[in-house]
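In case you want the letters, here they are:
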Amino acid sequence: MSHVPTPSQTVGPFFSIGLSELCRERIECVPADGQRALIRGRVLDGDGEPVPDAVLEIWQASEASCGDLGPGTDARRGKIPDGFGRIATNERGEFQFSTIKPSARRDEDGLMHAPHLAVVLLMRGLLRHLLTRIYFAGEGTNGEDAVLQLVPAERRKTLLAAPSQENPRGLSWDIHLQGERETVFFEA
Amino acid sequence: MGKLPVFAKVPAGTQPEYLNPEYRSSVKRAPTRPLILLPHSLSERTGPVFGQDCIGATDCDLTAQHAGAPLGERIAVSGRLLDEGGRPVRGALIEVWQANAAGRYLHKMDQHNAPLDPNFSGCGRALTDSDGRYQFLSIKPGAYPWGNHGNAWRPAHIHFSIFGDGLLSRLVTQMYFPGDPLLALDPIYNCVSDEKAKQRLISSFDLATTTPEFALGYRFDIVLRGRDATPMET
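Notes on the structure follow. (Residues numbered from 1 in each chain as written. Chains lettered and ligands numbered in written order. Predicted model: local features only at pLDDT ≥ 70, side-chain atom pairs only at ≥ 80, totals over all residues.)

On a plain count of helices and strands, chain B comes out with 2 helices and 12 strands. Secondary structure elements in chain B, listed N-terminal to C-terminal, are β-α-β-β-β-β-β-β-β-β-α-β-β-β. For 234 residues, the compact-globule estimate of 2.2 N^0.38 gives 17 Å, and the C-alpha radius of gyration of chain B, at 19 Å, lies within 12% of that figure. Over its C-alpha atoms, taken along the principal directions, chain B stretches across nearly 60 × 40 × 30 Å. Within chain B, residue pairs in contact and separated by at least 24 positions form 71% of the contacts whose partners lie at least 6 positions apart. (Helix = DSSP H or I, 4+ residues; strand = E, 2+ residues; numbered from the N terminus. Rg over C-alpha atoms; globule rule 2.2 N^0.38 Å. Contact = placed C-beta atoms within 7 Å.)

We now examine the overall build of chain A. Scanning chain A from terminus to terminus reveals 1 helix and 12 strands. Its helices and strands taken in sequence order, chain A reads α-β-β-β-β-β-β-β-β-β-β-β-β from the N to the C terminus. Relative to the compact-globule value of 16 Å for 188 residues, chain A shows a C-alpha radius of gyration of 17 Å, a close match. Overall, the C-alpha framework of chain A stretches about 40 × 40 × 40 Å when taken along its three principal axes. Relative to its full complement of 188 residues, chain A shows a buried share of 46%. (Buried ≥ 20, exposed ≤ 12 C-beta atoms within 10 Å, placed from the backbone.)

Turning next to the sheet that holds strand β9 (residues 171-176) of chain B. All names here are of chain B. The 4 strands are arranged β4-β3-β8-β9 in an open sheet whose pairing can be described as antiparallel. Pairing within the sheet leaves two strands with one partner each, and these edge strands are β4 (123-127) and β9. Averaged over all neighbouring strand pairs, the angle between strand axes comes to 20 degrees, with direction disregarded. In this sheet, β9 lies alongside strand β8 (residues 157-163) in antiparallel orientation, the contact comprising 6 bridges. Paired with I158 across the strands is M175, a residue of β9. (Pairing = 2+ DSSP bridges. Axes fitted to C-alpha atoms, helices over the stretch in contact; angles between N-to-C directions.)

Residues and elements named next belong to chain B. Here β4 lies mainly inside the structure; 4 of its 5 residues are buried. Across 5 bridges, the pairing between strand β3 (residues 93-98) and β4 is antiparallel. Residue pairing in the sheet places E95 in a bridge with R125 of β4.

Quick look at the interface of chain B and chain A now. Listed per partner, the contact involves 77 residues of chain B and 65 residues of chain A. Contributions of two or more residues to the side of chain B that touches chain A are made by β1 (36-37), α1 (42-45), β3, β8, β9, α2 (195-200) and β12 (222-224) of chain B. Here the residues of the side of chain B that touches chain A are counted per class, giving 39 nonpolar, 22 polar and 16 charged. Note that strand β12 (residues 186-187) of chain A and β1 of chain B share 2 bridges and pair parallel. Each residue of the ladder has a partner; that of F186 of chain A, found in β1 of chain B, is I36 of chain B. (Nonpolar A, V, L, I, M, F, W, Y, C, P; charged D, E, K, R; others polar.)

Laid out in structure tokens, this is it:
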């Protein structure tokens, strides 16, 4: 490795100038069949206050998103690639998006990957982005998932989108940046 | 997954810590519990691939998005997108945004008492070419005050957002200008401990890309997280 990597710097409070063109709350997926899931939540800071200037990037990988397909193939239709969504929180710290729930898959090493979405979280105050995941509560393969196994049992629920009273037709998943219910964040 | 990248570890000190009390906004937003080490699976080794169809005709020329020319010092910002091994990153989407020459963003939450410029929106997009090169034409952004501490001013900067070969090479950063006296005072710039990595954030004046009678050239090469150099079995 001959080149030192460029450091991350905060996205700052005014990212919508540059990033809103590619915002999208409906994530198109390949394959397009399957159950559509509406996920809603809030981003909350260490005082439990809503974060009105966060942006979430959702990445839903599929076999079709493997790089060897390359640009211009079926993995990308229209100007925003399939499997990708970018959502800014509103003034109440809320976000929502919908997607087709991904399938469970077993990788070539035999490891189980329960249905999940990768989440990149950016905001003023974060000098580098945070990485987390959304899993689906009640999913049978969660118990075997290679990543959930690495998370202390009492913290796994911070990664689960689940039906709730406020959101009976969809799934709720809040991000707590700090505190008792601090969301699990990853380094990779 | 043979063709997917296997990402190398991030070299120590080259990226900021989440909590940096000098940067006040990090105090209530930085995670407090240890991060959990994530093995690299399909979700991390792939990422969105953007195409030419997400780039509009004037997206790489921030001076040509309105009826008139924006006020300010015209600049050409260009460089190469590389990985740590020095390989060009091709076809990568770069998004940029910045304040105008007076240090004001076209954003409803920007309260700085400096004029907006009706001829400047301050955002652009480009894809890197087959050699990893990109170029934007813009105007030099102004410094502006912020509320982090008494008499705090952000050094002039352009925000960059880059999608590399996979989710793990995602990078959002800021480009600064050489010789800016505000850099030494800026907690965001100074959050990185590795001196060489910090220098990466500062563009260099470049006579070769300076166009006579027209625009000053600044060069800003960007290095994304690289692939694992560990020899693979063949």
